[in-house]
Structures are given as C-alpha cells and as structure tokens.
Amino acid sequence: MGWTMRLVTAALLLGLMMVVTGDEDENSPCAHEALLDEDTLFCQGLEVFYPELGSIGCKVVPDCNNYRQKITSWMEPIVKFPGAVDGATYILVMVDPDAPSRAEPRQRFWRHWLVTDIEGADLKKGKIQGQELSAYQAPSPPAHSGFHRYQFFVFLQEGKVISLLPKENKTRGSWKMDRFLNRFHLGEPEASTQFMTQNYQDSPTLQAPRGGASEPKHKTRRR
Ligand SMILES: *[C@@H]1O[C@H](CO)[C@@H](O)[C@H](O)[C@H]1NC(C)=O
C-alpha cells in the first residue's frame, strides 16, 4: 500500500469510528427516552423536574445512575406551568392510572399528590405551595408490573373550596378522579404532562414503555 492509500484508509477508519461513537452516545441508556404515540397527548404545557434528573415531563426515567431506584425516595419534583396567570389559583393533581399495572389497572387512579390554592405567580416559577390535601408520595411501581405512567394535571380553582371526602382521604388507591372533578365542576385541565418509569429491579432491556399490548381496543387512535 502506498503512503497516500494508507493515509486515506486511516482517515476513513477515523471517520467510521467517530460515526460509531456518535451512535453509541445517542443510544446510551442514560439518554432520556421520549414517550411515543398516544402517550404524548398528555404533554401539554406543564414541566416536571427532579433536581438530579432534570426535566422528565413526556419522557421515560432512564435506567442508569440508579435513577429508577432514586426516584422512589426523592422529594416532590418542581412542577412549573409557564402559562399560569398571576392572581389566579390552581389545583395540582398527580396520579398513577396504572395501579397495580397498566394491563390491569384495578386500582386506577392512585393519588400521589393533591395540592390546592396554588398561586399563579408561584406555579409559573415551579413553586408548589398551597393546601396539601394529599402529601406527595413518590412513584414506586411494584416489581414485574411494567411501566407506569405518572400524570400531572393543573386545574383552575377559581375560588372554589376543594376537599376530599373522608372516604377518599382514607386511601390513595381506586380514586374516582372523574367524580372528584365533577363534584367541583373542574373541567378540562389548564396543562398536563406525564412521565413513565418501572421498578428498578425489572429488566432494563427493550421492554416497550407501554408495557406491551395492553391498550384497550376501543381507544380512539391518535389523530
Ligand atoms: C388525608 O388528609 C391529611 C390532612 O389533610 C393529609 O395529610 C393526608 O395526606 C391525607 N391522606 C390521603 C391518603 O390523601
């Protein structure tokens, strides 16, 4: 091989190595994987941050740095609604619709957090301060139950006095969120988002974040 050929081969190899390394970076298990298809419909104007993890709204908690274990003991995240109006008050709801699993959500909804009387000026900055009707409970999906969705909603409170029925306050599971929303005439949320995670001991390998073919058939397809 002539000198020029060697140089060209070396350059090609170097280029190839760079391409391969670049690919590896993109597919690294620590990248925050985005949600897909109908799961993105909840991603509407609300931001959720855990300080060590960063922004997680509309993403899957990555299986690295023990994030899926750590999230089970972290304090409440920062929830920010940039579209919040000064002077208005809001309600924040966090639920898991996939209790105990997305395939068989017999205890839908699991109420993780419920805060009322949040000032618009605070919510805009991500400061959740108000009446805590249900204290924050960290996501802790059971082993072998697949990926769970953790959904966040913000409703306009408009001076209403919001409370849980004693029956609702007694337990977090099987919360009839629709009935709660109807009781206080809370219509559509002002903003929402969700993230997904699964039990940290479960296989990190390419299991579909949706937890398999468990979507009800009657669900309308994404437009
Ligand atoms: C019941 O109410 C108390 C007081 O507001 C609250 O701290 C607690 O988290 C509630 N329990 C549930 C399960 O929501």
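These figures come from a predicted structure and were not determined experimentally.

Draft legend 1. Layout of the overall build of the chain. The secondary structure content of the chain amounts to 5 helices and 10 strands. Residues counted as buried form 39% of the 223 residues belonging to the chain. Of the contacts made within the chain by residues no fewer than 6 positions apart, 74% connect residues no fewer than 24 positions apart. Accessible surface, the chain as shown: approximately 12,800 Å² in total, 56% of it carbon and sulfur.

Draft legend 2. Representation of the sheet that holds strand E2 (residues 47-50). Strand order in the open sheet formed by 3 strands is E3-E2-E5, and the pairing between neighbours is antiparallel. Edge positions in the open sheet fall to strand E3 (54-55) and strand E5 (78-80), since each of these has one partner strand only. Bridging between E2 and E5 involves 3 bridges; their strand directions are antiparallel. Bridging across to E5, Phe49 finds its partner in Ile78.

Draft legend 3. Spotlight on unusual backbone geometry. The omega torsion of the bond from Ala99 to Pro100 falls at -5°, within 30 degrees of zero and hence cis. Relative to the assigned elements, Pro100 resides in the loop between strand E6 (89-96) and strand E7 (110-119). The omega torsion of the bond from Arg108 to Phe109 falls at -10°, within 30 degrees of zero and hence cis. Mapped onto the elements of the fold, Phe109 is located in the loop between E6 and E7. In this structure, Ser174 is a non-glycine residue whose phi angle is positive, near 50°. Locating Ser174 in the fold gives a position in the loop between helix H4 (166-170) and helix H5 (177-183). For Ser174, a relative accessible area of 34% puts it in the partly exposed group. The phi dihedral of His185 is positive, around 50°, even though this residue is not glycine. Checked against the element boundaries, His185 lands in the loop between H5 and strand E10 (191-197).

Draft legend 4. Layout of the packing of aromatic side chains. Counted by the stated rule, this structure contains 11 aromatic pairs. On the numbers, 5.9 Å between centres and 90° between planes, the contact of Phe81 with Tyr90 is edge-to-face. Across this residue pair, the class does not change: Phe81 and Tyr90 are buried. Aromatic ring contacts, followed pair by pair, group Tyr50, Tyr67, Trp74, Tyr150, Phe152 and Phe195 into a single cluster. Looking at Arg111, its charged tip hangs above the ring of Trp175, at a distance of 5.0 Å from the centre.

Draft legend 5. Quick peek at the environment of Asp63. As for its position among the elements, Asp63 is in the loop between strand E4 (59-60) and helix H2 (67-70). The exposure class assigned to Asp63 is partly exposed, which follows from its relative accessible area of 28%. Between the C-alpha atom of Asp63 and that of Cys30, which follows or precedes it by 33 residues, the distance is 6.4 Å.

Draft legend 6. Inspection of the pairing of strand E9 (residues 148-156) at higher detail. Buried residues dominate E9, accounting for 8 of its 9 residues. Two elements, E6 and E9, share 6 bridges in a ladder whose sense is antiparallel. Its bridge partner lying in E9, Met94 is registered against Phe152.

What counts and how
- In every chain, residue numbers begin from 1 and rise along the written sequence.
- Thresholds applied to this predicted model are a pLDDT of at least 70 for local features of residues and 80 or more for the giving and counting of side-chain atom pairs; totals over whole chains, interfaces and linings are not thresholded and use all residues.
- Side-chain measures here rest on the full set of heavy atoms in the structure, leaving out hydrogens and waters.
- Elements are defined by DSSP. Helices are runs of H or I of four residues or more, strands are runs of E of two residues or more, and each kind is numbered from the N terminus.
- Throughout, exposure labels follow a simple rule: accessible area from a 1.4 Å probe, protein chains only, divided by the maximum for the residue type, with under 20% read as buried, over 50% as exposed, and the rest as partly exposed.
- Here a residue-residue contact requires only that any non-hydrogen atoms of the pair lie within 4.5 Å.
- Areas reported here follow the Shrake-Rupley algorithm with a probe of radius 1.4 Å; residue values treat only the protein chains shown as occluding.
- At least two bridges found by DSSP between two strands are what make those strands a pair.
- Pairing of aromatic rings covers Phe, Tyr and the six-membered ring of Trp, with a centre-to-centre limit of 6.5 Å; geometry is then stacked below 30 degrees between planes, edge-to-face above 60, and tilted otherwise.
- Definition used: whenever NZ (Lys) or CZ (Arg) falls within 6 Å of the ring centre and also within 35 degrees of the ring normal, the charge is taken to sit over that ring.

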